[in-house]
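Listed below, chain by chain, are the residues.
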Amino acid sequence: MITELAVERVEFTCGHCWHKWSVDYDVQSYRDEQGQEWEYFTRDGHPVPSPYDAAGAPPCPLCGRRWVGRLAARRPVPVAPGAADAPRYRISVPGEHRPDRRTAPPLEADAHDQPLRQVRPHSPAEN
């Protein structure tokens, strides 16, 4: 049973080249038949490991090294049906309702303004 849906913006800072970037993940929390709680992450509609775990961290776009992300922002998505007085729109002809949804371009996980790149000053010992 799905217990929560959310979009989470995860920020990453590479510990090697100090590049900063962020990615939006769809997160589904659910409880299985045994009562165990689980999280399921997707990026651009594809299942991915947790970005909060070293095994699931995406590679730095500049140097390829992997660094665990941190939660920067979160938007919960209400799970239907919601409150009885919540606005609803009955779909009378399901296959014909808002056909533009089927042809709309995908909203990509990194299609938002990225953090400014911060250049780390190097120390004389690195020369």
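Look above for the structure.
Since the model is a prediction, treat every value here as computed from it, not as a measurement. (Residues numbered from 1 in each chain as written. Predicted model: local features only at pLDDT ≥ 70, side-chain atom pairs only at ≥ 80, totals over all residues. Heavy atoms only, no water.)

### Regarding the pairing of strand β3 (residues 37–43)
Stated precisely, the cut-off is as follows: When DSSP finds two or more bridges between a pair of strands, those strands are recorded as paired. Helix and strand definitions here come from DSSP, where helices need a minimum of 4 consecutive H or I residues and strands a minimum of 2 consecutive E residues; each element is numbered from the N-terminal end.
Judged from the six bridges that link them, strand β2 (residues 20–31) and β3 form a sheet pairing that is antiparallel. Paired with glutamine 28 across the bridge in β3 is tyrosine 40. Count of turn residues in the β2/β3 antiparallel hairpin: five residues, of which glycine 35 carries a positive phi of about 85°. When β3 meets strand β4 (residues 46–48), the two strands line up antiparallel, connected through three bridges. The residue bridging threonine 42 from the neighbouring strand is proline 47, located in β4. Between the antiparallel neighbours β3 and β4 lie two residues, among them aspartate 44 with a positive phi of about 55°.

### A word on the side chain of aspartate 32
Applied cut-off: Each residue is placed in one exposure class: buried if its accessible area under a 1.4 Å probe, protein chains only, is under 20% of its type's maximum, exposed if it is over 50%, and partly exposed if it falls in between. Charge counting follows a simple rule: Lys and Arg are positive, Asp and Glu are negative, and His as well as the terminal groups are ignored. Salt bridge, as applied in this entry: a Lys or Arg side-chain nitrogen positioned within 4 Å of an Asp or Glu carboxyl oxygen. Distance and chemistry together define a polar contact, namely a pair of N or O atoms within 3.5 Å, with one atom able to donate a hydrogen and the other to accept it when in protein, and with adjacent residues in sequence counting only for side-chain atoms on both sides.
The topology assignment puts aspartate 32 in the loop between β2 and β3. Put simply, aspartate 32 is tucked away with no salt bridge, and the nearest opposite charge, on arginine 31, sits 7.5 Å away. In this structure the side chain of aspartate 32 is engaged in a polar contact, spanning 2.9 Å, whose partner is the side chain of tryptophan 38.

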